[in-house]
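Structural overview for review
Chain by chain, the residues:
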Amino acid sequence: MPIRFSANQVLKRNLNPQNSPKNHPSCVVQRLIDIASQGKFKFNLKQAAESIDFISRKGIRLDSQTVAFLLKHCAKSRSLTEGKWVHLHLSNGRKRLTALLSNYLIHMYSSCGDYKTARKVFDKMYIRNLYSWNNMLSGYAKLGLLEPAERLFDQMPERDVVSWNTMVISFAKNGFHGKALSYFAHLRRSSIAFDHFSFAGVLISCVKLENVGLTQQVHAQILVAGLLSNVVLSNSTVDAYVKCGLIKDARKLFNGMAEKDVFAWTTMVSGYAKSGDLKSAWELFSKMPELNTMSWTLLIEAYVRKGQGHEALRLFEEMTLRGFQPDQFTFSSSLCACASIASLRYGKQIHARLIKMDFVPNTIVVSSLIDMYSKCGCLDIGRRVFYLTRNKQDAALWNTMISSLAQHGIGEEAIDLFLDMMKAGVKPDKTTLVFLLNACSHSGLVDVGIGIFEIMTMDYDIVADQDHYAWLIDLLGRAGRLDEVELQLEKMPCKPDTRVWNSVLSACMIHRNVELGRKAVKHLLKLEPQESAADMLLANLYASVDTLESLEKVWELLNKRRVKKERAVSWVEIENTVHTFTVSDRSHPLEDEICLVLQHLTGQIEDELFGR
């Protein structure tokens with residue numbers, strides 16, 4: 001008859017060294033328990049195998065408590081191989097597993113992603129309780145296997161709130177919001193009492209759908225149910241309001257919260273930052289009782305989006321000085337700030353910090369590095385960063401390099417890089433097509449660009465959108481093929497938007513096509529009646545072809561609408577400080593120094609052009 005040892009018996013035996021020689025079975029069992037309890041089970045495969053094999057050969061059977069303990073740690077560390085060894089040991093000498101051990105096995109296999117074996121264990125169970133059904137249902141849900149989960153749910157002899165919540169949350173997390181709301185509605189109509197987890201699932205859908213009405217309804221139901229004091233639900237409701245753009249409602253709810261954790265503060269800062277209200281974002285950020293890397297990063301991103309790159313970099317410096325460790329998103333945003341103001345010096349400093357920290361950048365950071373060097377005029381360094389990157393399986397990395405080459409007018413190299421991308425087995429996406437059309441447009445590769453557009457929309461199932469057509473029309477327009485431009489406008493599967501008509505108008509400016517230009521302006525004014533850019537371009541077009549009568553009419557219309565041309569702003573960096581100025585601006589205290597810099601630059605350009 002097999003010997004059975006419990007964990008308690010093993011511990012008692014080990015208190016007396018005389019009763020526990022080194023290779024005594026009880027020591028082996030204890031060693032196995034120690035390995036699991038210390039989280040080392042996954043990393044001692046040989047030792048674990050030898051231990052289980054040894055105790056099995058000695059005819060020892062671990063008791064249910066010890067087996068459950070081991071299976072629990074296998075599930076926690078996702079140690080499938082070790083879990084199978086425990087299962088094998090468990091099966092030897094036992095005709096039928098108890099419901100308790102079967103449930104632990106289902107949980108272990110589900111946690112390790114082996115849903116098929118989990119289902120086999122479930123199907124072999126002699127007696128299944130409600131926990132067994134919920135356990136298997138949860139396993140399917142966590143693995144995103146919604147169809148098997150739904151079939152199992154329909155077969156359940158009884159259901160509780162856990163069963164319903166599992167369905168609501170799993171469908172919401174996987175983007176099937178209609179199903180999630182349907183299950184929630186059925187739960188509310190049933191006699192089963194709901195809890196805060198029930199609302200948590202629905203709030204996921206509120207956040208994802210950005211549905212104002214739904215968010216307000218759920219908020220009202222939480223309030224009536226008396227669950228608004230729950231921190232998780234309050235945070236999720238605030239987040240839903242923020243995502244829906246109802247920042248005032250979010251702030252009102254935030255102010256009324258009795259307990260505010262870091263997530264609530266960060267959500268509100270994020271809401272203000274993304275809405276462009278930097279003043280409110282900064283005020284709330286300054287009051288945060290506990291700052292974190294995410295809150296700093298959100299504020300840095302907001303300043304970058306607003307075009308305030310210098311302020312973003314100042315925040316980055318302050319963040320690091322106060323001891324906060326930047327993450328991938330922080331570095332990416334800071335590099336974008338450098339690119340936006342063409343600050344190579346700061347960009348190199350951030351790159352050096354990455355190297356010094358031994359930081360392993362992800363694709364987003366590497367792409368930001370390439371983009372920064374490219375926009376700061378150091379394309380060769382950007383190339384070097386790209387080619388030194390080992391893992392190039394992300395299309396975003398290739399897209400950034402193609403875009404950099406396009407910006408520098410090196411269309412041929414961009415096409416060659418695209419071919420290398422195909423050889424590497426990386427599938428192009430919509431963004432790839434945009435950058436390729438951009439590259440072809442700036443390099444005059446008209447027929448190549450048209451060929452790429454046709455191949456990618458036909459062979460790669462890329463559905464061309466407004467961005468693609470805007471660049472295709474820009475490509476044709478620059479080459480003067482305006483008949484083909486009009487043909488593409490007719491073939492478009494959707495109505496052209498402002499991007500497309502602006503491309504048409506730009507082409508008309510280059511080739512002085514007044515007729516088509518007038519048509520483009522007409523559509524632009526319909527789409528954006530408050531914008532003055534179209535009128536200004538039309539005025540310039542008339543001026544370029546000496547149509548004085550039409551030009552006078554346009555200026556008369558502009559004056560009636562009180563349209564004023566925005567003055568362009570230039571900037572120059574002197575001794576690490578950037579100064580901005582407009583045309584004919586003589587008010588800057590460093591006017592003489594700025595003029596000297598401009599004269600020096602002009603001289604360098606003339607030397608390059610005339611070979612002096």
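Predicted model only: the values in this text are computed from it and were never measured.

Considerations on the overall build of the protein
Each helix and strand in the protein was counted, giving 34 helices and four strands. Taken over 612 residues, the protein has a buried fraction of 45%. Surface exposure of the protein reaches about 33100 Å², of which carbon and sulfur atoms provide 53%.

Regarding the packing of helix α27 (residues 446-459) against helix α28 (residues 466-478)
Running from amino to carboxyl end, α27 crosses α28 at an angle of 155°, the nearest separation of the two axes being 9 Å. Considering their axes alone, α27 and α28 lie roughly antiparallel with respect to each other. The interaxial crossing formed by α27 with α28 has left-handed handedness. Facing α27, whose interface residues are V446, G449, I450 and F453, α28 presents H468, Y469, L472, L475 and L476. Here the contact of α27 with α28 is built from residues that sort into seven nonpolar, two polar and no charged.

Observations regarding the nonpolar core
Nonpolar side chains tend to gather and get buried jointly when the protein is soluble and globular. Within the largest apolar cluster, 99 residues are counted, with the highest numbers of intra-cluster contacts made by M268, M372, L472, L489 and V504. Sorting elements by how many residues they give to this core places helix α24 (residues 395-407) first, with seven residues. Residues contacting M268, with those up to four places away along its chain left out, are V238, V242, I247, A250, R251, F254 and L284. Membership of the second largest hydrophobic core comes to 48 residues, among which are Y109, A118, W164 and F171.

What to know about unusual backbone geometry
Trans is the prevailing form of peptide bonds, just as negative phi is the prevailing case for residues other than glycine. One non-glycine residue, E210, lies in positive phi territory at about 55°. Among the secondary structure elements, E210 is positioned in the loop between α12 (196-209) and α13 (212-225). The backbone phi angle of D358 is positive, close to 60°, even though this residue is not glycine. For D358, the location among the structural elements is in the loop between α21 (344-356) and α22 (363-375).

Some details on the UniProt feature "repeat: PPR" (unreviewed entry) in the protein
Per the UniProt record, "repeat: PPR" (unreviewed entry) is annotated on residues 129-163, 261-291, 292-326 and 394-428. Taken end to end, residues 292-326 has its terminal C-alpha atoms 10 Å apart, with 74% of it in helix and 0% in strand. What you have in residues 394-428 is 74% helix and 0% strand, and the ends, taken at the C-alpha atoms, are 10 Å apart.

Regarding the pattern of salt bridges
Under the criterion given, the structure shown has 14 salt bridges. R314 is paired through a salt bridge with E318; the nearest N and O atoms lie 3.2 Å apart. One end of the pair, R314, and the other, E318, are both in helix α19 (residues 309-321), four residues apart, so they sit about a helical turn from each other. In this structure R314 comes out as partly exposed when scored by relative accessible area, which is 37%.

Quick notes on helix α31 (residues 514-527)
With 14 residues, α31 ought to run about 20 Å at 1.5 Å a step, and its terminal C-alpha atoms sit 20 Å apart, in line with that. Buried within α31 are the following residues: V514, L516, G517, A520, V521 and L524. Around the axis of α31, the buried residues are gathered within 155° of arc, so they sit on the same side. α31 presents E515, K522 and K526 as exposed residues on the side facing more than 90 degrees away from its buried surface.

Conventions adopted
- Residues numbered from 1 in each chain as written.
- Predicted model: local features only at pLDDT ≥ 70, side-chain atom pairs only at ≥ 80, totals over all residues.
- Heavy atoms only, no water.
- Helix = DSSP H or I, 4+ residues; strand = E, 2+ residues; numbered from the N terminus.
- Buried < 20%, exposed > 50% of the residue type's maximum accessible area, 1.4 Å probe, protein only.
- Areas by Shrake-Rupley, 256 points an atom, 1.4 Å probe, with all protein chains shown as cover.
- Axes fitted to C-alpha atoms, helices over the stretch in contact; angles between N-to-C directions.
- Parallel < 35°, antiparallel > 145°, perpendicular 65-115°, else oblique.
- Left-handed = near helix turned anticlockwise from the far one by under 90°.
- Contact = heavy atoms within 4.5 Å.
- Nonpolar A, V, L, I, M, F, W, Y, C, P; charged D, E, K, R; others polar.
- Core = buried A, V, L, I, M, F, W, Y, C linked by side-chain atoms within 4.5 Å.
- UniProt positions renumbered as here; feature names shortened; annotations may be inferred.
- Salt bridge = Lys/Arg side-chain N within 4 Å of Asp/Glu carboxyl O.
- Expected span 1.5 Å × (residues − 1).
- Arc of directions from axis to C-beta.

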